[in-house]
Amino acid sequence: MLQYLALAGILFAIGVFGVLTRRNAIGILMSLELMFNAVNINLVTFNKFIGPESLTGQIFAIFVIVIAAAEAVVGLAIVLLLYRNWQGIDIGKINIMKW
Amino acid sequence: MLEKAYLIPLYPLFAFVVIIFFTRWKEKLSSYISISAILVGFIHAIFVMAAMIARHGEPLELSLPFIQHPSLTLETGIWIDPLTAVMLLVVTIVSSCVQIYSLGYMHGDPRWSRYFSYLSLFTFSMLGLVVANNFFMIFIFWELVGLTSYLLIGFWFEKDSASNAGKKAFITTRIGDLGFIIGILLLVAYTGTLNYQEVFAKVAEGAVPLGILTAIGIFIFCGAVGKSAQFPLHVWLPDAMEGPTPVSALIHAATMVAAGVYLVARSMSLFVGSVEASMVVATIGLITSFLAASIALVQNDIKRVLAYSTVSQLGYMIMALGLYGADVASDPHAHSVGYYAGTFHLMTHAFFKALLFLGAGSVIHAVHTNDIQEMGGLSKKMKITGITFFIASLSIAGIFPFSGFWSKDEIVVATLGHPIFMFFTLLIAFMTAFYMFRLCFLTFTGQPRNQDRFNHAHESPLSMTGPLMFLAFLSIFAGWVGLPWLSHGFSSFVYHGELQHHGPNYIMMLVSTLVAVSGIGLAYTVYYKKRISADAVMEKFKPLYTLLYNKYFIDEIYDRIIIKPTLALTRGMWWYDANVIDGLVNFTGWLTVKWADAKMWFDKYIVDGAVNGAGYICMAGAWLFKYIQSGSVQFYTLVIITGAVGVIIYRVTPGGFYYYLIGLVVVAVARLLAGMNRPHKVSVETEPEG
């Protein structure tokens, strides 16, 4: 079980690092997918090793995948709009909320 | 007509109102309104007199309550008795003459209409004073007389001397009025009423203690002293000569100065209660009469001589009334003619003194000077004026059968039983005859002493000589109503107390005639024949002459002991006011301003400082923390994750949390330092578009 959890942790850490450091908005979205999947692995792992008779974890993982798909749609739409308005998708340049 | 007697004062009041409000711009019309009003009053007064004779002098009282209060009722009303009827007639006659005369005298005056309206108001006041039936009303009219005399004496107010004379008359009489009102208040306090008849009835019952009655008498007499120009308040009257001459005639003959005598006569029932008060009255009258007559001996201003003559004659009347009061007070059934003599002389004097003043006015009108030393020989040019003036002089000197003879003779008779009074009365009669004929001879006979003025002299127009002739007629015959042989003459018409019959006193007639004739004879010798040089006599009695010429220095004494100290005191008060009081006020103001300044400073720097300070602190905080708001999503995410990690660490090992925080700070500082060293925003600017 530890190997699974370690995998999930590594994946999550890679995702966080990606979110924090990528300048490309698409890259950030991809890193977010990584984090989702790390969580999914966690859910599935705990379901398998703690309560295999119920399918709670499995169902949760499916829900997350669905939500992630929806989130990817919204995220990509935002990125598209960013591109139209800034002629680029460099997150570092988009700072209209700055003081 | 008798019941309508209250209308008599209202005619001139009506004229006054109409002139002031409607016809002021039409000069001729204004004067005619004024004159016709007074003539109507005159005719009415004749009817009143006739009615009064018809009912044998039985008085009539009409009154309406004016202000009612449980403790005191003030009323407006009229009281018509023989004295009132006589006064009404005298006032209206003299006033009519004066107004008609003014048509000529005031010709071309720029304030013509106003002059006539004032005359009307003056006449109204005097008539109101005469018909009043209580002390409240008489006081009101008394003050009105004072006001109008002020207006008329100061009528030519462009002249300083005239406006000062007006003020002097007003203020001097006001001193007497203070006494008058104190007397009235005392009367109210002790009798609870103001109506003449009620007051006199209460006094007769003995409601007022003797001492108080004496005080009341003297206080009321104070009013008369002021108005009738008795010593020591006589100083205003000679100065009042600054007014137009017809006004002088009116003031001196019938209105203002007669008011004081009338008041004493009217209040006689008070004076007969107190010997002391009456003796004060008589003594003041005598002193006044003597002082004024002696001053008149040496004056050179024609109007001033007449003015002092008036003061002297008023002293006569007051003295006679006072002696009557004293006689009756000591013996209720005493045989005294004083009351009758005083009122009779008031009447006859009104006519001949009005005549004298109007004659003097006529002379002044002709030669444009008041100085008799510059006149002389004027009877050649002014026949009517000269003759009427001589008639009046004979009358005032007391020569048979002119009217002055009859009244003056009665005054001499009134002094029977008072040797000192009699001596001085005769002496004054002598002086009167002398100074009047000195005046006559210097003015109308001899050679002109100023040829230039003489050449310009001319007889006055008919509007002026007409009244002169009419008054001359009265100066001769008016006294005949009081012939001692008449059983129903003046003495049985105007009397006080019980009716007494006074027969003729031939010895007194002879004595007074002798005195008068010798006075005239002396004047004739000195000023007509010039057997005795007036200048030589003057040189011989230089100190006396100086004393008399300067009117006993009474004005100067008043100036020194009253006016100067008062001025000094007021200056002191002014200084105190200007420096101490104002200083205090200004200091308070200054202090307030300074205090306000201090508060303003506090408000500006402390209160506003606190408010602004709060704002500045907020701004400073915002300036510091706004950098958190970087607008970078990744930075926000970093903060969230850092925070989440912090929470987890805290949950797991609270101790480790601090190391975590320190680590964070170190990283942040390191980042900042690194950011500072890095060229700012280079990447943004150099990066190609893309």
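Per chain, residues are indexed from 1 in the order of the written sequence. In the order they appear in the text, chains get letters beginning with A and ligands get numbers beginning with 1. In view of the model being predicted, local features appear only for residues whose pLDDT reaches at least 70, and side-chain atom pairs are presented and counted only at 80 or more, with totals across whole chains, interfaces and linings using the full set of residues. To get the side-chain values, take all heavy atoms of the structure and skip hydrogens and water.

**As for the overall build of chain A**
- In this text, helices come from DSSP runs of H or I with a minimum length of four residues, and strands from runs of E with a minimum of two, each type numbered from the N-terminal end. Along chain A, the regular secondary structure elements total 3 helices and 0 strands.
- Ordered by position from the N terminus, the helices and strands of chain A form the series α-α-α.
- What the globule rule says is 2.2 Å times the number of residues to the power 0.38, and the radius of gyration is computed from C-alpha atoms. In terms of C-alpha radius of gyration, chain A reaches 17 Å, well past the compact-globule figure of 13 Å for 99 residues.
- Projected onto its principal axes, the C-alpha coordinates of chain A cover approximately 50 × 25 × 20 Å.
- Residues count as neighbours in contact if any of their non-hydrogen atoms are within 4.5 Å of one another. Long-range contacts, defined as pairs at least 24 residues apart, comprise 55% of the intrachain contacts of chain A with a sequence gap of at least 6.

**Observations concerning the overall build of chain B**
- Along its length, chain B carries 27 helices and 2 strands.
- In terms of overall size, chain B is more extended than a compact globule, its C-alpha atoms giving a radius of gyration of 44 Å where 690 residues would be expected to give roughly 26 Å.
- Principal-axis analysis of the C-alpha atoms gives chain B an extent of 155 × 65 × 50 Å.
- Put simply, of all contacts in chain B between residues at least 6 apart along the chain, 79% involve residues at least 24 apart.
- Just so you have it, chain B exposes about 31,100 Å², and 71% of that area is on carbon and sulfur atoms.
- Only four residue types enter the charge count, namely Lys and Arg as positive and Asp and Glu as negative; His and the chain termini do not. For the purpose of locating charges, the reference atoms are NZ of Lys, CZ of Arg, CG of Asp and CD of Glu. Side-chain charges of chain B comprise 41 positive and 39 negative groups, with the mean position of each set lying 8 Å from the other. To be clear on the numbers: accessible area is Shrake-Rupley with a 1.4 Å probe, and residue cover counts the displayed protein chains and nothing else.

**A look at the interface of chain A and chain B**
- Taken together, the 15 residues of chain A in the interface contact 12 residues of chain B.
- Of the roughly 1,100 Å² buried at the junction of chain A and chain B (both faces included), carbon and sulfur atoms supply 60%.
- Should a side-chain nitrogen of Lys or Arg be within 4 Å of a carboxyl oxygen of Asp or Glu, the pair is scored as a salt bridge. For the pair chain A and chain B, the interface holds 0 salt bridges.
- In protein, a polar contact means a hydrogen-donor-capable atom and an acceptor-capable atom, both N or O and within 3.5 Å, with residues adjacent in sequence counting only if both atoms are side-chain atoms; elsewhere, any N or O pair within 3.5 Å suffices. There are 3 residue pairs in polar contact (both at pLDDT 80 or more) connecting chain A and chain B.
- Here the side of chain A that touches chain B takes 4 residues from helix α1 (residues 2-21) of chain A, the largest share from any one element.
- In this classification, Asp, Glu, Lys and Arg are treated as charged, Ala, Val, Leu, Ile, Met, Phe, Trp, Tyr, Cys and Pro as nonpolar, and every other residue, Gly included, as polar. In the side of chain A that touches chain B, the residues fall into 8 nonpolar, 3 polar and 4 charged. A simple way to read buried area is as the amount of 1.4 Å-probe accessible surface that goes missing from two parts once joined, with both sides added.

**Re the pairing of strand β1 (residues 60-69) of chain B**
- Direction of pairing for β1 of chain B relative to strand β2 (residues 72-80) of chain B: antiparallel, over a ladder of 9 bridges. Bridged to Gln 68 of chain B within β2 of chain B is Thr 73 of chain B. DSSP bridges decide pairing: two strands pair if at least two such bridges lie between them.

**A look at the pairing of β2 of chain B**
- Relative accessible area decides the class of each residue, using a 1.4 Å probe on protein chains only: under 20% of the type maximum gives buried, over 50% gives exposed, and in between gives partly exposed. Of all 9 residues that make up β2 of chain B, 7 are buried, and the element is covered over most of its length.
- Linking β1 of chain B to β2 of chain B, which pair antiparallel, is a turn of 2 residues.

**A closer look at the pattern of salt bridges**
All names here are of chain B.
- Counted according to the given criterion, the structure contains 11 salt bridges over all chains.
- As a salt-bridge pair, Lys 227 and Asp 177 come within 3.8 Å of each other at their nearest N and O atoms. Separated by 50 residues along the polypeptide, Lys 227 in helix α8 (residues 210-227) and Asp 177 in helix α6 (residues 160-191) bring together distant segments of the chain.
- Between Asp 559 and Lys 564 there is a salt bridge, and its shortest N-O distance comes to 3.1 Å.
- Under the relative-accessibility criterion, Lys 564 is labelled partly exposed at 44%.
- What you see here is one network of salt bridges that share partners, running through Glu 143, Arg 174, Asp 177 and Lys 227.

**Quick notes on a nonpolar patch on the surface**
- Nonpolar side chains (Val, Leu, Ile, Met, Phe, Trp, Tyr) are joined into patches within 5 Å and like charges within 9 Å, using only residues with over 30% relative accessible area and no salt bridge. Taken together, Trp 623, Leu 624, Phe 625, Tyr 627, Ile 628, Phe 635, Leu 638 and Val 639 of chain B make up a surface patch of nonpolar side chains, about 830 Å² in accessible area.
- For the nonpolar patch, the secondary-structure elements that each account for two or more residues are α24 (554-625) and α25 (633-652) of chain B.

**A short note on the environment of Leu 119 of chain B**
Residue and element names in this part refer to chain B.
- Its location among the elements puts Leu 119 in helix α4 (residues 112-131).
- Using a relative accessible area of 0% as the deciding quantity, one classes Leu 119 as buried.
- C-alpha of Leu 119 to C-alpha of Ala 15: the two residues are 104 residues apart in sequence and 9.8 Å apart in space.
- Leaving out residues up to four positions away in the same chain, Leu 119 has contacts with Gln 99, Ser 102, Leu 152, Val 247 and Leu 250.

**Overview of the side chain of Thr 92 of chain B**
Residue and element names in this part refer to chain B.
- Inspection of the secondary structure puts Thr 92 in helix α3 (residues 82-105).
- With a relative accessible area of 0%, Thr 92 lands in the buried category.
- From its side chain, Thr 92 meets the backbone oxygen of Leu 88 in a polar contact 2.7 Å long.
- There is a polar contact of 2.9 Å between the side chain of Thr 92 and the backbone oxygen of Leu 89.
- Excluding residues within four positions of it along the chain, Thr 92 makes contact with Ile 8, Ile 38, Gly 41, Phe 42, Ala 45 and Leu 127.

**Re the packing of helix α14 (residues 302-330) of chain B against helix α15 (residues 338-367) of chain B**
Residues and elements named next belong to chain B.
- Geometry is summarised by axes, namely lines fitted to C-alpha atoms with helices restricted to the contacting stretch, and by angles between N-to-C directions that run from 0 to 180 degrees. Contact geometry for α14 and α15: axes closest at 9 Å, N-to-C directions at 175 degrees. Judged by the angle between their axes, α14 and α15 are roughly antiparallel. Touching Ile 302, Lys 303, Leu 306, Ala 307, Ser 309, Thr 310, Gln 313, Tyr 316, Met 317, Ala 320, Leu 321 and Tyr 324 of α14 are Gly 338, Tyr 339, Ala 341, Gly 342, His 345, Leu 346, His 349, Lys 353, Leu 356, Phe 357, Ala 360 and Ile 364, all from α15.
- Residue composition of the contact of α14 with α15, grouped by class: 15 nonpolar, 7 polar and 2 charged. Angles are sorted into four bins: roughly parallel if under 35 degrees, roughly antiparallel if over 145, roughly perpendicular if 65 to 115, and oblique for all others.

**Details of the nonpolar core**
- Residues enter a nonpolar core if they are buried and are Ala, Val, Leu, Ile, Met, Phe, Trp, Tyr or Cys, with the set joined through side-chain atoms within 4.5 Å. Phe 135, Trp 236 and Leu 270 of chain B are the most contacted members of the largest nonpolar core, which has 207 residues in total.
- It is α15 of chain B that provides the largest number of residues to this core, a total of 19 residues.
- Core analysis: the next-biggest nonpolar cluster, separate from the first, contains 8 residues, Ile 28, Met 35, Val 79 and Ile 91 of chain A among them.

**Digging into the side chain of Thr 415 of chain B**
Residues and elements named next belong to chain B.
- Its place among the elements puts Thr 415 in the loop between α17 (403-414) and α18 (419-444).
- In this structure the side chain of Thr 415 is engaged in a polar contact, spanning 2.5 Å, whose partner is the backbone oxygen of Val 412.
- Setting aside chain neighbours within four positions, we find Thr 415 in contact with Met 319, Leu 323, Phe 421, Met 422 and Thr 425.

**What about empty space enclosed by the protein?**
Residues and elements named next belong to chain B.
- Each cavity reported here is a set of points on a 1 Å grid over the protein atoms alone in which a 1.4 Å probe fits but cannot get out, each pocket an open set with protein on both sides within 12 Å along at least five of seven lines, and each lining residue one with an atom within 4 Å of a point. Grid points are joined across faces, edges and corners, and a volume is the space filled by probe spheres set on the points. Counting across every chain of the model gives 1 cavity of 30 Å³ or more.
- The wall of the largest cavity is formed by 13 residues, among which Ser 336, Tyr 495, His 496, Gln 500 and His 502 lie closest to the centre.
- With 3 residues, the single largest contributor to the lining of the largest cavity is α15.

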